Amino acid sequence: MTPVIVTERPRLTALRAAWLFDGTGSAVVRDPVVVIDGATIVAVDSGVPAPPGAAVVDLAGAALLPGLVDTHVHLAFDASTDPVGHLAGRDDEEVVAAMTRAGQAALRGGVTTVRDLGDRDYLSLGLRGRPGLPAIVAAGPPVTTPGGHCHYLGGVAEPTGPGVRAAVREHAERGVDVIKIMASGGRLTPGSRQDLAQFPPDVLRAAVDEAHRHGLLVTAHAHAVGAIADAVAAGADGMEHVSFWTEDGVDAPAELIRLIADRRIVVGATIGMRPVPGLAPPPEVAARIPAIVANTRRLYEAGALIVAGTDAGIAPVKPHDVVRYAPAMLGQLGFGPAEALRAVTSVAARVCGLGHRKGRIAPGFDADILAVDGDPLADPAAWQRIRAVYARGTAVPDAAAAG
Ligand SMILES: [Zn+2]
């Protein structure tokens, strides 16, 4: 008799909860049942029994949301008061270990996808696809000028057309997912000027052109008004910060706001902050925050595409799961609760190039799910009460402890 070979099929998992927000809608669904097969969502229903034989996880009183997506993090920065100094003191092996801890912290806080917009020496690329970490979209070291913003990360290019083209080509050959270019200076780099452009406009344009030739999108770190205007003119697909920083304040010309909105350039607003007693932004930042918020609100009202690109990792107020603090600030910009939730799930997933499998709770999508205690549309504090996190169908250990 021929032996019968039985392949053991893993059991389905069915998550039950009080509410579900699917990442694209404008309301919650009651009594959801989300069925997971391995790493993938296979069914989403409400008010029905779980499939026979499924392992049922009953999250009574909880809401299921898509895992959060942060479009701007730095796994290599350790969210301490001196992330740059700590990074400088670590060899590559230690950096990878620290990045792994950062990714685990993000996952415990419900962040299942991150776009790393600046590592050192391409170290984030090797972490892509590792179990126990969020999905990582990696820029490698940002392209910058000699001595320019974040030059110490290893992405220095000669500030000429051929120079930046060579740098972008190297990034493409190393296999990055996106190009990050430092169009202006930044505070983390002494000697660089946040109020000034770093590259001549035609050089920035060459960098964008070369990236597009390789099928890569470009997002430009742009604080200075001139750098923002140059990035827009160069055809950048996205911009980070967009603070309209000037030497003594903030200035956002109406026509530039209109252009950014009309061209659907992704604005990665640096929002989301974890309250840490005794820590306040530096005075030159604090003084500008009201105007930066007002201008971001103008961008929102003009119809710009805004996501929360938190800059997680750069300070204690920016831990690696900080994007769960962003919806409150999106509210200040004019976002409704469901719109804010879409911004940190399905919209951010699309910006990361993963809109086809991340950011939604829907059949065929990756089973990246955050369960919080309460209805997050009615009660923003629910965001901080994490009940469970699933990353590609696997429950994240100690997720609730992060809440
Ligand atoms: Zn950054």
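Not measured: the values here are computed from a predicted model.

Section: the overall build of the chain
Here is step 1: A count of helices and strands for the chain gives twelve helices and 16 strands.
Here is step 2: Radius of gyration (C-alpha) of the chain: 21 Å, near the 22 Å computed for a compact globule of 403 residues.
Here is step 3: Principal axes of the C-alpha set define a box for the chain whose edges measure 75 × 50 × 40 Å.
Here is step 4: Counting over 403 residues, the chain shows a buried share of 55%.
Here is step 5: Intrachain contacts of the chain at a sequence separation of at least 6 include 69% that bridge at least 24 residues.
Here is step 6: Across the chain, the mean location of the 36 positive side-chain charges is 4 Å away from that of the 43 negative side-chain charges.

With respect to the packing of aromatic side chains
Here is step 1: Evaluation of the coordinates by the stated rule reveals one aromatic pair.
Here is step 2: Between the NZ or CZ atom of Arg174 and the centre of the ring of Tyr122, over which it lies, the distance is 4.2 Å.

Side note on the coordination of the zinc ion
Here is step 1: All of the protein donors around the zinc ion are His72 (NE2), His74 (NE2) and Asp311 (OD); their distances to the metal are 2.0 to 2.1 Å.
Here is step 2: When the donor residues of the zinc ion are listed from N- to C-terminus, their spacing reads H-x1-H-x236-D. Here Asp311 lies in the loop between strand S13 (306-308) and helix H9 (326-333) and His72 lies in strand S6 (residues 68-73), a separation of 239 residues in the sequence. Asp311 shares its class with His72; the two are buried.

Remarks on the sheet that holds S6
Here is step 1: What the three strands build is an open sheet, ordered S6-S7-S8; its pairing is parallel. At either margin of the open sheet sits one strand with a lone partner, and together these are S6 and strand S8 (135-138). The average undirected angle you get between the axes of adjacent strands in this sheet is 15°.
Here is step 2: Taken together, the four bridges between strand S7 (residues 111-116) and S8 define a ladder with parallel strand orientation. Bridged to Arg115 within S8 is Val137.

Digging into the sheet that holds strand S11 (residues 238-245)
Here is step 1: Strand order in this open sheet of five strands is S9-S10-S11-S12-S13, and the pairing throughout is parallel. Taken across any chain shown, the strands that pair with only one partner, and hence form the sheet edges, are strand S9 (179-182) and S13. Between one strand and the next, the sheet's axes are offset by a mean angle of 30°, whatever the strand orientation.
Here is step 2: With five bridges connecting them, strand S10 (residues 218-224) and S11 associate as parallel partners. Across the sheet, the residue bridging to Thr219 is Gly238, located in S11.
Here is step 3: Sheet contacts for helix H5 (residues 225-234): S10 and S11; angle to S10, the most-contacted strand, approximately 155°.

Structural notes on the layout of surface pockets
Here is step 1: Computed from the structure, the largest pocket encloses a volume of approximately 1,000 Å³.
Here is step 2: Lining the largest pocket are 43 residues, with Arg187, Thr270, Val285, Ile314 and Lys318 sitting closest to its centre.
Here is step 3: Only helix H1 (83-88), S9, S10, S11, helix H8 (289-301) and H9 provide two or more residues apiece to the lining of the largest pocket.
Here is step 4: Here the lining of the largest pocket takes four residues from H8, the largest share from any one element.
Here is step 5: For the lining of the largest pocket, the residue count by class is 24 nonpolar, 14 polar and five charged.
Here is step 6: The volume enclosed by the second largest pocket comes to roughly 200 Å³.
Here is step 7: Looking at the second largest pocket, the residues that line it are Gln104, Leu107, Arg108, Pro131, Gly132, Ala391, Arg392, Thr394, Ala395, Val396 and Pro397.
Here is step 8: Residue assignment for the lining of the second largest pocket shows that the elements contributing at least two residues are helix H2 (92-108) and strand S16 (394-395).
Here is step 9: In terms of residue count, H2 provides more of the lining of the second largest pocket than any other element does, three residues in total.

Here's the deal with the pairing of S6
Here is step 1: Burial within S6 is extensive, with six of its six residues counted as buried.
Here is step 2: As judged from the four bridges shared by S6 and S7, these two strands associate in the parallel manner. For Asp70, the partnering residue across the bridge sits in S7 and is Val114.

Some thoughts on the pairing of strand S4 (residues 40-46)
The two faces of a sheet get side chains in turn, since along a regular strand they alternate between them.
Here is step 1: In this sheet, S4 lies alongside strand S3 (residues 32-37) in antiparallel orientation, the contact comprising six bridges. Of the residues in S4, the one forming a bridge with Val34 is Val44.
Here is step 2: In this structure, the hairpin formed by S3 and S4 is closed by a connection of two residues, where Gly38 is found at a positive phi of approximately 65°.

Quick word on the pattern of salt bridges
For side chains of opposite charge, pairing can occur when their charged atoms come near one another.
Here is step 1: Here the structure, examined in full by the defined rule, presents 19 salt bridges.
Here is step 2: Measuring nitrogen to oxygen at the nearest pair gives 3.2 Å for the salt bridge that ties Asp373 to Arg387. On the criterion of sequence distance, the pair formed by Asp373 in strand S14 (residues 369-373) and Arg387 in strand S15 (residues 386-391) is long-range, its members being 14 residues apart.
Here is step 3: With relative accessibility at 28%, the residue Asp373 sits in the partly exposed group.
Here is step 4: Through salt bridges that share partners, Arg165, Arg169, Asp209, Glu210 and Arg213 make up one connected network.

Reading guide: rules and limits
Residues numbered from 1 in each chain as written. Predicted model: local features only at pLDDT ≥ 70, side-chain atom pairs only at ≥ 80, totals over all residues. Heavy atoms only, no water. Helix = DSSP H or I, 4+ residues; strand = E, 2+ residues; numbered from the N terminus. Rg over C-alpha atoms; globule rule 2.2 N^0.38 Å. Buried < 20%, exposed > 50% of the residue type's maximum accessible area, 1.4 Å probe, protein only. Contact = heavy atoms within 4.5 Å. Lys, Arg positive; Asp, Glu negative; His and termini not counted. Charge placed at Lys NZ, Arg CZ, Asp CG, Glu CD. Phe/Tyr/Trp six-rings, centres within 6.5 Å; stacked < 30°, edge-to-face > 60°. Lys NZ or Arg CZ within 6 Å of the ring centre and 35° of its normal. Donors = N, O, S within 2.8 Å, 3.2 Å for Na, K, Ca; no water. Pairing = 2+ DSSP bridges. Axes fitted to C-alpha atoms, helices over the stretch in contact; angles between N-to-C directions. 1 Å grid on protein atoms, 1.4 Å probe; cavity = no way out; pocket = protein on both sides within 12 Å on 5 of 7 lines; lining within 4 Å. Points joined across faces, edges and corners; volume = space filled by probe spheres on them. Nonpolar A, V, L, I, M, F, W, Y, C, P; charged D, E, K, R; others polar. Salt bridge = Lys/Arg side-chain N within 4 Å of Asp/Glu carboxyl O.

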